[in-house]
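Now for the letters of each chain:
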Amino acid sequence: MGKRKAVYWIFLALIMVTVTGCGYTLEEKREMKRYEKQGRENAKNYIREKYGIDAKITEINCEKYSSSPVPDFFPSPTGNVFVKMKYKGADFLVAISGQKKNTDGLDNYQFQEIATAFAQEMYNITGLHAESAYVCYGEYGTVKDEKNGMIHTFYDGENLAEVLQKESARAVVSYANQDVEQIPVSQISQKTGVDTILLTDYESREAYQTVRCPYYNLAGWPIENGIENQLYLMNGYRVVGAGEDTYVKCEKKIQDDIILITENPKDQIILDKTSLDSQENWNGNGFIDAKQVASAYAFDTNSEKVYVYFPVEKLDTKEVKEAQLVKQYQYKGETCYDNIISKVTDDGKYIHGIVYTRDETEIKISVFIDQ
């Protein structure tokens, strides 16, 4: 195995040398040095002009053009620079041109101040204590601390709504055992400028604290993407944005320690232990050499979509991260064998996935691994 890895890395290095040549030319290197030198001066002047402070530069890098589908290990500089700065213990980032003298830049020096102001405004409006309030806004639309909140506008303590609305802000606010369905989102939009927001209601503070990524898909769409990983810990959640306002109640049903969640409280689910056809039927359907590692259950429901949380302690394997939920069912007179995209929950207690029923009958579920 060690020799294989060594050969692989040598082969990869040869490809990189072949594809990329010798890297940046001397002229390109000199050009980037000029951008960095001018960018350093511009960044300090920009921050001094905007905030009246003299911040220390800790690092400077040239912005590069994004790579094309073919990897470019030495992309050309855009002429802009990213300048990491520090002032009174606070680290922040400046993006500015290094091509010529100017003080027209972007920065996130006020990010924490703005995020705190948003959280405070949420409390003022709702009167509810939030476990967390994440906000994403600015030029780069990312939740990464380094580039989140990159804006040109100055926050003066009174223009929160103006800043966040202009910068297309999005937010995820989490509560513990609070009725998020009653939160006045129109007032939140008016006071904070945030129109796209995910409000989550966990069963308890302890439940919330098990979550590794409570901001979910804050910088993407849909904003709630990934929330299915934690529904078993929630009472419900509410998504507001794009002219929609939807509340989803997590209706839980527990059978044989398996948690089943539907989005309609009236939906029914019945599980009964059963047996599957030969596990070889799954080979080529998500598995190479399938092995059943849990009991099988007949799955009878009138719901078109069911979130399934299968206890890890019921699995006959230690390869938990490799485990996948599987489904056997009848469709148009034929028996079908599928694997279900599955993940382990953050607390490591369940394998979870979504069972869609559509026009399927005689549905059975279990858990497999590849041997």
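Further up the page is the structure itself.
Now for a quick tour of the structure. Values in this document were obtained by computation on a predicted structure and should not be read as measured data.

## Concerning the pattern of salt bridges
This structure, assessed with the given rule, holds 14 salt bridges. Put simply, Lys 50 and Asp 107 hold a salt bridge, and the shortest N to O gap is 2.8 Å. Here Asp 107 lies in strand S4 (residues 106-107) and Lys 50 lies in helix H2 (residues 26-51), a separation of 57 residues in the sequence. Judged by its relative accessible area of 16%, Lys 50 falls in the buried class. Accessibility expressed as a relative area gives 1% for Asp 107, which makes it buried. Here Glu 263 and Lys 305 are joined by a salt bridge, their closest N and O atoms 3.7 Å apart. Of this pair, Glu 263 sits in the loop between strand S11 (258-262) and strand S12 (269-274) while Lys 305 sits in strand S15 (residues 305-311); the two residues are 42 residues apart in sequence, bridging distant segments of the chain. Under the relative-accessibility criterion, Glu 263 is labelled partly exposed at 37%.

## Observations concerning helix H5 (residues 185-192)
Along H5, the residues classified as buried are Val 185, Ile 188 and Thr 192. Burial along H5 is one-sided: seen end-on, the buried residues are contained in an arc of 50°. Residues Ser 186 and Gln 190 are exposed on H5 and point more than 90 degrees away from its buried face. Each element contacted by the buried residues of H5 is listed here: helix H3 (111-126), helix H4 (160-166), strand S7 (196-202), strand S8 (234-241) and strand S9 (244-249). After H5 finishes, the residue Gly 193 shows a positive phi value of roughly 85°.

## A word on the environment of Gln 330
When you line up the elements, Gln 330 lands in strand S16 (residues 324-331). Once the C-alpha coordinates of Gln 330 and Lys 364 are considered, the two residues, 34 residues apart in sequence, prove to be 9.6 Å apart. With near-sequence residues (within four places) excluded, Gln 330 lies in contact with Thr 335, Asp 359, Glu 360, Thr 361 and Glu 362. Within the local environment of Gln 330, its side chain forms a polar contact with the side chain of Thr 335, the two groups lying 2.5 Å apart.

## A closer look at the pairing of S11
Within S11, five of the five residues are buried, which leaves the element mostly enclosed by the surrounding structure. Covered by surrounding structure in S11 are Ile 258, Leu 260 and Thr 262 together with Ile 259 and Ile 261, the residues of both alternating faces. Pairing of strand S10 (residues 251-255) with S11, which is carried by five bridges, proceeds in the antiparallel orientation. Bridging from a neighbouring strand, Ile 254 pairs with Ile 259 of S11. Joining the antiparallel neighbours S10 and S11 is a turn of two residues, in which Asp 256 adopts a positive phi near 55°.

Analysis parameters
Residues numbered from 1 in each chain as written. Predicted model: local features only at pLDDT ≥ 70, side-chain atom pairs only at ≥ 80, totals over all residues. Heavy atoms only, no water. Salt bridge = Lys/Arg side-chain N within 4 Å of Asp/Glu carboxyl O. Helix = DSSP H or I, 4+ residues; strand = E, 2+ residues; numbered from the N terminus. Buried < 20%, exposed > 50% of the residue type's maximum accessible area, 1.4 Å probe, protein only. Arc of directions from axis to C-beta. Contact = heavy atoms within 4.5 Å. Polar contact = N/O pair within 3.5 Å; in protein donor to acceptor, adjacent residues only side chain to side chain. Pairing = 2+ DSSP bridges.

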